[in-house]
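# Architecture and fold: a report
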4 protein chains.
Amino acid sequence: MSDAPAAGNGSTRQYGNVSRETLKSVSGLELLKGMLDGRYPGPPIAELMDFGMAELAPGRAVFTGRPGRKHYNPSGSVHGGFAATLLDSAMGCAVHTLVPQGQGFTTLEIKVNYVRPMFEATGEVRCEAAVINMGRTVATADGKIVDGKGRLIAHGTTTCMIFDIP
Amino acid sequence: MSDAPAAGNGSTRQYGNVSRETLKSVSGLELLKGMLDGRYPGPPIAELMDFGMAELAPGRAVFTGRPGRKHYNPSGSVHGGFAATLLDSAMGCAVHTLVPQGQGFTTLEIKVNYVRPMFEATGEVRCEAAVINMGRTVATADGKIVDGKGRLIAHGTTTCMIFDIP
Amino acid sequence: MSDAPAAGNGSTRQYGNVSRETLKSVSGLELLKGMLDGRYPGPPIAELMDFGMAELAPGRAVFTGRPGRKHYNPSGSVHGGFAATLLDSAMGCAVHTLVPQGQGFTTLEIKVNYVRPMFEATGEVRCEAAVINMGRTVATADGKIVDGKGRLIAHGTTTCMIFDIP
Amino acid sequence: MSDAPAAGNGSTRQYGNVSRETLKSVSGLELLKGMLDGRYPGPPIAELMDFGMAELAPGRAVFTGRPGRKHYNPSGSVHGGFAATLLDSAMGCAVHTLVPQGQGFTTLEIKVNYVRPMFEATGEVRCEAAVINMGRTVATADGKIVDGKGRLIAHGTTTCMIFDIP
């Protein structure tokens, strides 16, 4: 199974999954850089929910997302699942940047605090995440979502487990 | 602004927002029953993410959802945001069933533990939530997601704040 | 190093640590039953904080504690650390009852929700915990603290990691 | 009811509660500075658990604590309740520094991640906490515990509610 090449440009971005061979053959940081460059496809959830990776560094990941009417809950603001999805992605990727070749990670738990509501009019939001602690088998990270004026919208933490890819 | 009538039948389900007048004029339980019946539109996020309310009782809510390829993360399983969205919905609605007319609620925080991965082949999952404590200004609830064989997929808790609708 | 025998009776209860040989040679349930019986010493923290194990079953643990003035915070009620300590103990022990011989566990994280304050006048409280999910390497549990009238005081969850005792 | 004067010096530090009149008449920062100075008594839990406030600034609090054998759990390291108590204190006080005169706060929930064990030999640890978001009715903060070499031992977050003192 090979990975379909994908353009890095937003308008022609390709979405799909990365093969197990690829997952095993590169470090977490190389994998994520390949997604950012468009060499690997982006995850389907990012297309569905209108968000994507924006920046990467060892121990750090930034995502951007665009809240819209399709994310609304019954009372007319964006559903908490949008912020949870963004934070889970960014915090998980921050951990993933430090996962060596041959290993993967899985999220054990996330916690999200909601500070301000999001609306369609909020416009693009930015989700920044950083590793707090990187152990051999367990890692923790935190993250926050801010709007274009830097106002805090939500923040969270995660606990991930590192394992050898079988 | 009036609420568009909506069929309760899945195939013709209507999605949108509920007017502020409606939100203020009914209790949480009446509002949610109206959504379940199709008298009020379902939330757009439910259409986007393929889930919906299935059962309601005072202090309790059950949602069902169908994980699919569109929810996948890069490594080929369902993104954690799907479970977080389902749990946030079910736990919030469990609280909402006990919110009296004239009041609303907002989610302060959620915590989600991931126990088993979901795939497209998992099929329909069920998310059951129940209120743990209902205070005058703060409420807590927990919830769990199980697959068709009753296996636990994820579980969580939430803290909500109750307020007077302005 | 041998374990000092300890009486099960509260007034003559002995406190100390259990040797590594003992920890490796018995299952979690046998170890905890030995503490409940007084064959093994109780943990020093239980003496300091005035709490102890009351009941044990596979996947389940009950502790009792007595809040007092020594646990007070500046504003004249019991500090949140008392409930956190009780819940951490009970939830951890609930997991420990399912840990096989040769393995141990460590707590990755706890979350505690505070529902009602405790005072000296609250009298003895009861903390009941149960395993939610027991995996090979990760386990989760929840717990709650209630007063003598069954009123909820606090509740929580934990994520623990299971490992081979080196 | 008056507050007993208390020396700021560790050896003669007085512990007790602060009167409701005092709690209502000063801001959170003034109250905490008075405790740091020794004008108000320290909380009994601090004496019991061997910790105390070390630094204060608006939105920030630092506590130090000394883990000892009396804090041990059965397996010979410090019980998780010690870190939870320290973090709850420091995070709560960080919030308290921003609570205006006439208002108080209560902790709705705490979450604590455990990174490294503590032993008697760990020596004095430092717990630094800072407010993440200060709203009118809800505040969040995070904190971490580090040892004398700056190694991370535990970290956490809290959600607090602000209310008018009745």
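Placed above this text is the structure.
The following paragraphs examine the structure supplied in this document. Here the residue numbers are simple positions, counted from 1 along each chain's written sequence. Here the convention is simple: chains get letters from A, ligands get numbers from 1, in the order in which they are written. Reporting in this predicted model follows two pLDDT cut-offs: at least 70 for local features of residues, and 80 or more for side-chain atom pairs to be given and counted; totals over whole chains, interfaces and linings ignore these cut-offs and use all residues. Based on all heavy atoms of the structure, the side-chain values leave hydrogens and waters out of the count.

## So, the interface of chain C and chain A
Throughout, a residue-residue contact means that at least one pair of heavy atoms, one from each residue, lies within 4.5 Å. Of the residues lining the interface, seven residues belong to chain C; the matching set on chain A comes to seven residues. Two parts placed together each lose some accessible area; with a 1.4 Å probe, that loss summed over both constitutes the buried area. For the pair chain C and chain A, the two sides together bury roughly 480 Å², of which 84% comes from carbon and sulfur. Salt bridges are defined by distance alone: a side-chain nitrogen of Lys or Arg within 4 Å of a carboxyl oxygen of Asp or Glu. Taken together, the links from chain C to chain A amount to zero salt bridges. A 3.5 Å cut-off defines polar contacts: any pair of N or O atoms within that distance qualifies, except that in protein one atom must be a possible hydrogen donor and the other a possible acceptor, and neighbouring residues in sequence count only when both atoms are side-chain atoms. For the pair chain C and chain A, the interface holds zero residue pairs in polar contact (both at pLDDT 80 or more). Of all the elements in the fold, those that place two or more residues in the side of chain C that touches chain A are β3 (103-114) and β6 (152-164) of chain C. Broken down by element, the residue count for the side of chain C that touches chain A peaks at three residues, all from β3 of chain C. Polarity classes work like this: nonpolar for Ala, Val, Leu, Ile, Met, Phe, Trp, Tyr, Cys and Pro, charged for Asp, Glu, Lys and Arg, and polar for all others, with Gly in that last group. Looking at the side of chain C that touches chain A residue by residue, the classes come out as three nonpolar, two polar and two charged. Secondary structure elements follow DSSP: runs of H or I no shorter than four residues count as helices, runs of E no shorter than two count as strands, and numbering proceeds from the N terminus.

## Some thoughts on the relation of the copies chain C and chain A
Between chain C and chain A, which share one sequence, the superposing operator has a rotation angle of 180° and an axial displacement of 0.0 Å; the RMSD is 0.0 Å. Given the turn and translation reported, the copies of this chain are related as if by a two-fold rotation axis. Of all interface residues in chain C, 100% are interface residues in chain A too; the two copies therefore contact each other through one and the same surface. Superposition of the copies used a least-squares fit over C-alpha atoms from residues whose pLDDT is at least 70 in both.

## Some details on unusual backbone geometry
If you check the backbone angles, Asp-50 of chain C has positive phi at about 65° while not being a glycine. Note that Asp-50 of chain C resides in the loop between α3 (44-49) and β1 (51-57).

## A look at the interface of chain A and chain B
Of the residues lining the interface, 32 residues belong to chain A; the matching set on chain B comes to 32 residues. Between chain A and chain B, the buried area comes to about 2700 Å², and carbon and sulfur atoms account for 61% of it. Summed over the three residues of chain A that lose the most area to chain B, namely Leu-48, Pro-74 and His-79 of chain A, the buried surface amounts to 22% of that side. If you look at where chain A meets chain B, you find two salt bridges. A salt bridge links Glu-109 of chain A to Lys-111 of chain B; the nearest nitrogen and oxygen atoms lie 3.2 Å apart.

## Concerning the sheet that holds strand β2 (residues 60-65) of chain B
When DSSP finds at least two bridges between two strands, those strands are taken to pair. Across the sheet, which stays open at both edges, the twelve strands sit in the order β1(A)-β2(A)-β4(A)-β5(A)-β6(A)-β3(A)-β3(B)-β6(B)-β5(B)-β4(B)-β2(B)-β1(B) with antiparallel pairing between neighbours. The open sheet terminates on both sides in strands that have one partner only, identified here as β1 (51-57) of chain A together with β1 (51-57) of chain B. Averaged over all pairs of adjacent strands, the angle between strand axes in this sheet comes to 20°, irrespective of strand direction. Summarising the sheet, strand β5 (residues 138-146) of chain A and strand β6 (residues 152-164) of chain A pair through nine bridges and their orientation is antiparallel. The convention used is that axes are lines fitted to C-alpha atoms, helices contributing only their stretch in contact, and that angles between N-to-C directions extend from 0 to 180 degrees.

## Looking at the pattern of salt bridges
A complete count under the given rule lists 36 salt bridges over all chains for this structure. Put simply, Arg-126 of chain B and Glu-55 of chain B hold a salt bridge, and the shortest N to O gap is 2.9 Å. With Arg-126 of chain B in strand β4 (residues 125-134) and Glu-55 of chain B in strand β1, this residue pair connects regions lying 71 residues apart in the sequence. Among the salt bridges present, the one from Asp-147 of chain D reaches Arg-151 of chain D, with a minimum N-O distance of 2.8 Å. On the accessibility criterion, Arg-151 of chain D (39% relative accessible area) is partly exposed. Relative accessibility decides the category of a residue: with a 1.4 Å probe and only protein chains considered, values under 20% of the type maximum give buried, values over 50% give exposed, and everything between is partly exposed.

## Side note on the sheet that holds β6 of chain C
Taken in spatial order, the twelve strands line up as β1(C)-β2(C)-β4(C)-β5(C)-β6(C)-β3(C)-β3(D)-β6(D)-β5(D)-β4(D)-β2(D)-β1(D) in an open sheet, and their pairing is antiparallel. Of all strands in the sheet, those bounded by a partner on one side alone are β1 of chain C together with β1 (51-57) of chain D. Geometrically, the sheet is characterised by an average inter-axis angle of 20° between neighbouring strands, direction not taken into account.

## Description of the packing of aromatic side chains
Aromatic rings from Phe, Tyr and Trp, taking only the six-membered ring of Trp, are treated as a pair when their centres fall within 6.5 Å; an angle between ring planes under 30 degrees marks them as stacked, one over 60 as edge-to-face, and anything in between as tilted. In this structure the tally under the stated criterion is four aromatic pairs over all chains. Aromatic side chains Phe-51 of chain B and Phe-63 of chain B sit 5.9 Å apart centroid to centroid with 50° between the ring planes, which places their arrangement in the tilted category. Remark: Phe-63 of chain B occurs in strand β2 and Phe-51 of chain B occurs in strand β1; sequence separation between them is twelve residues. Comparing Phe-51 of chain B with Phe-63 of chain B shows no difference in burial state: the two are buried. One Lys or Arg, Arg-39 of chain A, reaches over the ring of Tyr-40 of chain A and ends 5.6 Å from the middle of that ring. A ring is considered to have a charge above it if a Lys NZ or an Arg CZ atom is located within 6 Å of its centre and within 35 degrees of its normal.

## A look at the nonpolar core
Phe-63 and Ile-145 of chain C together with Met-49 and Ile-145 of chain D are the most contacted members of the largest nonpolar core, which has 88 residues in total. Ile-145 of chain D has contacts with Ala-83, Leu-86, Leu-87, Val-125, Arg-126, Cys-127, Arg-151, Leu-152, Ile-153 and Ala-154 of chain D, leaving out every residue within four places of it along the chain. Definition of nonpolar core: a set of buried residues of the types Ala, Val, Leu, Ile, Met, Phe, Trp, Tyr and Cys, connected through side-chain atoms within 4.5 Å. Within the second largest apolar cluster, 87 residues are counted, among which are Cys-160 of chain A together with Phe-63, Ala-129 and Ala-139 of chain B.

## Brief notes about helix α2 (residues 28-37) of chain A
All names here are of chain A. Among the residues of α2, those classed as buried are Gly-28, Leu-29, Leu-31, Leu-32, Gly-34 and Met-35. Each element contacted by the buried residues of α2 is listed here: α1 (20-25), β1 and α4 (80-96). Immediately downstream of α2, the backbone of Gly-38 shows phi near 95°, a positive value.

## Describing the relation of the copies chain A and chain B
With an axial shift of 0.0 Å and an RMSD of 0.0 Å, the rotation relating chain A to chain B amounts to 180°. Comparing interface residues between copies, 100% of those in chain A also lie at the interface in chain B; the contact surface is shared.

## Focus: the pairing of strand β4 (residues 125-134) of chain D
Residue and element names in this part refer to chain D. As defined by bridge partners, strand β2 (residues 60-65) adjoins β4 across six bridges and the pair is classed as antiparallel. Opposite Thr-64, over in β4, you have Arg-126 as the bridge partner. Pairing geometry for β4 and strand β5 (residues 138-146), over eight bridges, is antiparallel. Looking across to β5, one finds that Cys-127 is bridged to Ile-145. What sits between the antiparallel neighbours β4 and β5 is a turn of three residues.

## A word on the environment of Lys-149 of chain B
Residue and element names in this part refer to chain B. Its location among the elements puts Lys-149 in the loop between β5 (138-146) and β6 (152-164). The class for Lys-149 is exposed, based on a relative accessible area of 69%. Each C-alpha atom, one on Lys-149 and one on Val-125, is 9.4 Å from the other, the two residues being 24 residues apart in sequence.

## A closer look at the side chain of His-155 of chain C
Its location among the elements puts His-155 of chain C in strand β6. Its relative accessible area of 6% is what places His-155 of chain C among the buried residues. Separated by 2.9 Å, the side chains of His-155 of chain C and Thr-140 of chain B make a polar contact. Excluding its chain neighbours within four sequence positions, the residues that come into contact with His-155 of chain C are Ile-132 and Thr-140 of chain B together with Leu-87, Lys-111, Val-112, Asn-113, Val-115, Gly-143 and Lys-144 of chain C.

## Let's talk about the pairing of strand β3 (residues 103-114) of chain A
Counting buried residues in β3 of chain A gives nine out of twelve residues, a clear majority hidden from the surface. Strand direction decides the pairing type here: β3 of chain A and β6 of chain A, joined by eleven bridges, are antiparallel. Paired with Lys-111 of chain A across the bridge in β6 of chain A is Thr-157 of chain A. In this sheet, strand β3 (residues 103-114) of chain B lies alongside β3 of chain A in antiparallel orientation, the contact comprising five bridges.

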